[in-house]
Amino acid sequence: MATPDLEKTEPSTAELRADDVRTDDVRTDDGSTNEDPRSTTTTVFVTAGVIAGVVAALIVMLSASDALVLLGIPDPGPATTYGLPALRAIGEIAAVIAIGSFLLAAFLVPPQKNGVLDVDGYRAVRTGSVASIVWAVCALLLVPLTLSDTSGQPFSEAIKPANLWIALDQVEIASAWRWTAIMAVVLAIASRTVLRWAWTPALLGFSLATLLPIALSGHSSAGGSHDIATNSLILHLGAASLWAGGLFALLAHVRRRGAHADVAARRFSTIAGVCFVVMGISGVINALVRVSIADLFTTTYGLLIVGKIVALIVLGGFGWMQRRRALPALVADPSARGPLLRFAGAEVLVLAATIGLAVGLGRTPPPAEIDPDLTTTEAALGYNLSGPPTFARMALDWRFDLIFGTAAIVMAVVYLIGVRRLRLRGDAWPVGRTVAWVLGCLTLLISTSSGIGRYSTAVFSVHMTGHMMLSMLAPVLLALGGALTLALRVLPAAGKDGVPGLREWLLIGLHSRISQFLTHPLVASLIFVGGFYVMYLGGIFGAVLDSHGAHLLMNLHFVLSGYLFYWTVIGVDPSPRKIAPVTKLAVVFGSLPFHAFFGVALMSMNTVMGAWFYRTLGLDWNSDLLGDQKLGGGIAWATGEVPLVLVMLALLIQWSRSDDRDARRGDRAAERDHDAELAAHNAMFAELARRDRTGEH
């Protein structure tokens, strides 16, 4: 790493802040002197927010009257009609700035050698904290604005406490803005306390999570195929925020003449390329759910979608020119930042207008439903079920899950690319690990995208089948795949003075205190087994059955908690904790009774979890809800034996290999010292025998 170490002391917050507020003049590429670049960067950010807000308000002017007619509510006044989209656009600009700032601190610039943020990372985190505060304020103001918009009351009436508290829980979008504001406040507070690099990936993840409450509401969360629409919107918003936010942060970093600008630009170029592809595919999928091809050029909603497509193409052109011109110039000469500043500045303005366009699109009523005659089942799930779950339907009636299905395919492809690169350089990789990983990815794909995933939201026994596959089978296979070991062997090392990359980040995460805590056998077991009891017997499952977001979080919990447990007990990857095979065996046997009792408890229940939701689906072939729940409990009880066979076999093989390694290690040591240990052992017994003969003590 090229940044200087701070010897044995860490900088105080005051020291870093003092460094951060320096206002030394900066020389440009042509040798002239400019004022503090931070003021110029702030001007760019404010300009972007204004552009986004104005574009959003102008677009709403085109469709505001149509929206009021369709909704059948009175006009709430211009403060709400135009203030709401403008404020939302400004808030989303602040959100992407926060996301991009944390992205820069986490992955685009290096920390110091002792793990403390360098000046560039510190500045980025503080920028993200300020942007989070702006995001929180905007979200908080959007609560009464949304209530005003929904009820038709003027903003002055909606903001009154009596009206605010009564209506808040009755309007889904207003409640979503409330949770967004709370999360943004937590993010702002947390980011103010961060001085070490290890926490910046968590800040990035949580900043992206602040987008979820709104992503799970709005046009995409209702109507037919709303599961596909919501998943595509989550991917679209995530990719757009990383792209736009990363560009904002890179522009600020270059204007500040931060260190390693060439590395940051190169890494962001890769991220932007991936985001471009994800945005394009997810945007097309989301649009096709809501608009037919014939409506694209005949409705306001369709024309706005066409406008977004044009904007995406323009942004792609900017990215291509940056990759072809600005990036090579910066790599060749780190002081040649002019081309990058020009391209990035123009791209930021186009992105700001695009964000305003997207906000205006969200405020524009879509055309009539493509299939207006929705059944009760389709309105609740997003799709119809053709009949009771049979073996043929479970195997052939697929509905691709854009989140977990895509993740399964990407995980398999990236792993196989890593194996190929390893073998191209002449290194071997066990075939068994590759087979295990691919089968684990296939299990993840089948459990979420086949008939199992399709029926799991409507039939409890099928849900439990998918649950067991996600938590008991897929994690076992993935843990045996050794993906972390493969990554550490394939990824290049930064070297002593190089900029840390993905390999170094993996090592930091592997040896962090958080990893050491999570991989403690008791902690991993509690998260894995305890999750069953809290989620099902604790009443969470029955309360959130109608929530698509909760469904995604449940599947994520199943996979991650299972992987954590099996990584701890049978994983072939290096672990932060050294656990003896006999201890691993004890952990597995110790968790079995709790898992078995969970299945028995489900079979013994006389009340149906989530009966209110299952009855609203109107599935006459699923009328015996209690019997189906008992069947699900039997599946949970019985399927625990399947992964147990794999776990026991893996443990026995690892135990045997461990003994073999110890034996070989002992043989090598004996060869080096000519059996000195054995000679000393024999000498000890010879001395004892001599003492016995002579009577010595």
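Our subject is the structure listed above.
Let us look at the structure shown here. Here the structure is a predicted model, which is why all the values come from computation and not from measurement.

A surface patch of nonpolar side chains, amounting to about 530 Å² of accessible area, comprises Val 46, Val 50, Val 54, Leu 58, Met 61 and Tyr 82. With respect to the secondary-structure elements, Tyr 82 resides in the loop between helix 3 (78-81) and helix 4 (83-108). Taking relative accessible area as the criterion, Tyr 82 reaches 31% and is therefore assigned partly exposed.

The first and last C-alpha atoms of helix 17 (residues 404-424) sit 30 Å apart over 21 residues, in line with the 30 Å expected at 1.5 Å per residue. Looking only at helix 17, the buried set comprises Phe 404, Gly 405, Ala 408, Ala 412, Tyr 415, Gly 418, Val 419 and Leu 422. Down the axis of helix 17, the smallest arc covering the buried residues is 165°, so these residues share one side. Residues of helix 17 that are exposed and point over 90 degrees away from its buried face: Val 414, Arg 420, Arg 421 and Leu 424. For helix 17, the secondary structure elements touched by its buried residues are helix 18 (431-449), helix 20 (460-481), helix 21 (483-490) and helix 26 (548-570). Immediately downstream of helix 17, the backbone of Gly 426 shows phi near 95°, a positive value.

This part is about the packing of helix 18 against helix 20. Axis separation between helix 18 and helix 20 bottoms out at 7 Å; the angle between their running directions is 160°. On the basis of their axis angle, the class for helix 18 and helix 20 is roughly antiparallel. For the element pair helix 18 and helix 20, the recorded crossing hand is left-handed. Of the residues in helix 20, those in contact with Arg 433, Ala 436, Trp 437, Leu 439, Gly 440, Cys 441, Thr 443, Leu 444, Ile 446, Ser 447 and Thr 448 of helix 18 are Gly 466, Met 469, Leu 470, Leu 473, Ala 474, Leu 477, Leu 478, Leu 480 and Gly 481. In the contact of helix 18 with helix 20, the residues fall into 13 nonpolar, six polar and one charged.

The tally for this structure, following the rule as stated, stands at three cavities of 30 Å³ or more. Considering only enclosed or pocket space, the second largest cavity measures out at about 60 Å³ in volume. In this structure, the second largest cavity is lined by Phe 45, Ile 97, Ser 101, Leu 104, Ala 124, Thr 127, Gly 245, Phe 248, Ala 249, Ala 252 and Arg 256. Of all the elements in the fold, those that place two or more residues in the lining of the second largest cavity are helix 4, helix 5 (119-151) and helix 11 (226-255). It is helix 11 that provides the largest number of residues to the lining of the second largest cavity, a total of four residues. Taken together, the residues of the lining of the second largest cavity break down into seven nonpolar, three polar and one charged.

A full pass over the atoms with the stated rule returns five salt bridges. Taking the shortest distance from any N to any O, the salt bridge between Glu 92 and Arg 88 comes out at 2.9 Å. Of this pair, Glu 92 and Arg 88 both sit in helix 4, four residues apart, which is roughly one turn of that helix. The exposure class assigned to Glu 92 is buried, which follows from its relative accessible area of 18%. Classification of Arg 88 as partly exposed rests on a relative accessible area of 22%. One salt bridge connects Asp 427 with Arg 425, and the closest N-O pair in it is separated by 2.7 Å. Accessibility expressed as a relative area gives 47% for Arg 425, which makes it partly exposed.

Take helix 11 next. Taking 1.5 Å of rise per residue, the 30 residues of helix 11 would be expected to cover 44 Å, and the 42 Å separating its terminal C-alpha atoms lies within 8% of that figure. Most of helix 11 is tucked away, with 25 of its 30 residues classed as buried. Positive backbone phi, at 55°, marks Arg 257, one or two positions downstream of helix 11.

Quick look at unusual backbone geometry now. A positive phi angle is found at Arg 257, which is not glycine, with a value near 55°. With respect to the helices, strands and loops of the structure, Arg 257 is situated in the loop between helix 11 and helix 12 (261-290). Take Arg 257: its relative accessible area is 32%, and that puts it in the partly exposed class. Look at His 260: it is not a glycine, yet its phi comes out positive at around 55°. Looking at the element boundaries, His 260 is found in the loop between helix 11 and helix 12.

Trp 243 and Phe 248 are the most contacted members of the largest nonpolar core, which totals 84 residues. Broken down by element, the residue count for this core peaks at 15 residues, all from helix 4. Not counting the four nearest positions on each side in its chain, Trp 243 is found in contact with Phe 268, Ala 272, Cys 275, Phe 276, Met 279, Leu 312, Leu 315, Gly 316 and Glu 347. Counting residues in each nonpolar core, the second largest holds 56 residues, with Phe 460, Val 476, Phe 528 and Tyr 536 among its members.

What follows deals with the packing of aromatic side chains. Tallying each qualifying case throughout the model produces 20 aromatic pairs. Aromatic side chains Tyr 536 and Phe 541 sit 5.1 Å apart centroid to centroid with 40° between the ring planes, which places their arrangement in the tilted category. Comparing Tyr 536 with Phe 541, the two get one shared label, buried. Relative to Trp 567, the ring of Tyr 563 has its centre 6.4 Å away and its plane inclined at 25°; by these criteria the two rings are stacked. Of this pair, Tyr 563 and Trp 567 are both found in helix 26, four residues apart, which corresponds to roughly one turn of the helix. Using a relative accessible area of 22% as the deciding quantity, one classes Tyr 563 as partly exposed. Three or more aromatic residues joined by ring pairs form one cluster here, namely Phe 460, Phe 528, Phe 532, Tyr 533, Tyr 536, Phe 541, Phe 565, Tyr 566, Phe 597 and Phe 598. Arg 433 extends its terminal NZ or CZ atom over the ring of Trp 429, reaching a point 5.1 Å from the ring centre.

Looking now at the packing of helix 11 against helix 12. Taken N-terminus to C-terminus, the directions of helix 11 and helix 12 make an angle of 155°; their axes are 8 Å apart at the nearest point. Between helix 11 and helix 12, the crossing angle belongs to the class labelled roughly antiparallel. Between helix 11 and helix 12 lies a crossing of left-handed hand. Residue composition of the contact of helix 11 with helix 12, grouped by class: 22 nonpolar, eight polar and one charged.

With that settled, the discussion passes to the side chain of Gln 629. The residue Gln 629 is located in helix 29 (residues 625-638) in this model. According to the relative accessible area criterion, Gln 629 is buried, its value standing at 1%. A polar contact of 2.9 Å, which involves the side chain of Gln 629, links it to the backbone oxygen of Thr 607. When neighbours within four sequence positions are excluded, Gln 629 is seen to be in contact with Phe 460, Leu 602, Met 605, Thr 607, Val 608 and Met 609.

Let's shift gears to the environment of Val 186. For Val 186, the location among the structural elements is in helix 8 (residues 172-192). Given a relative accessible area of 44%, Val 186 falls into the partly exposed group. The spacing of Val 186 and Ser 132 is 54 residues in sequence and 8.9 Å in space, taken between C-alpha atoms.

What follows is about the environment of Gly 590. For Gly 590, the location among the structural elements is in helix 27 (residues 581-604). Residue Gly 590 is classed as partly exposed on the basis of its relative accessible area of 37%. Along the chain, Gly 590 and Ser 525 lie 65 residues apart, while their C-alpha atoms are 9.0 Å from each other.

What counts and what doesn't
Residues numbered from 1 in each chain as written. Predicted model: local features only at pLDDT ≥ 70, side-chain atom pairs only at ≥ 80, totals over all residues. Heavy atoms only, no water. Patch = residues over 30% accessible without salt bridge, like charges linked within 9 Å, V, L, I, M, F, W, Y side chains within 5 Å. Areas by Shrake-Rupley, 256 points an atom, 1.4 Å probe, with all protein chains shown as cover. Salt bridge = Lys/Arg side-chain N within 4 Å of Asp/Glu carboxyl O. Helix = DSSP H or I, 4+ residues; strand = E, 2+ residues; numbered from the N terminus. Buried < 20%, exposed > 50% of the residue type's maximum accessible area, 1.4 Å probe, protein only. Expected span 1.5 Å × (residues − 1). Arc of directions from axis to C-beta. Contact = heavy atoms within 4.5 Å. Axes fitted to C-alpha atoms, helices over the stretch in contact; angles between N-to-C directions. Parallel < 35°, antiparallel > 145°, perpendicular 65-115°, else oblique. Left-handed = near helix turned anticlockwise from the far one by under 90°. Nonpolar A, V, L, I, M, F, W, Y, C, P; charged D, E, K, R; others polar. 1 Å grid on protein atoms, 1.4 Å probe; cavity = no way out; pocket = protein on both sides within 12 Å on 5 of 7 lines; lining within 4 Å. Points joined across faces, edges and corners; volume = space filled by probe spheres on them. Core = buried A, V, L, I, M, F, W, Y, C linked by side-chain atoms within 4.5 Å. Phe/Tyr/Trp six-rings, centres within 6.5 Å; stacked < 30°, edge-to-face > 60°. Lys NZ or Arg CZ within 6 Å of the ring centre and 35° of its normal. Polar contact = N/O pair within 3.5 Å; in protein donor to acceptor, adjacent residues only side chain to side chain.

All quantities given are derived from atomic positions and should not be read as evidence of function.
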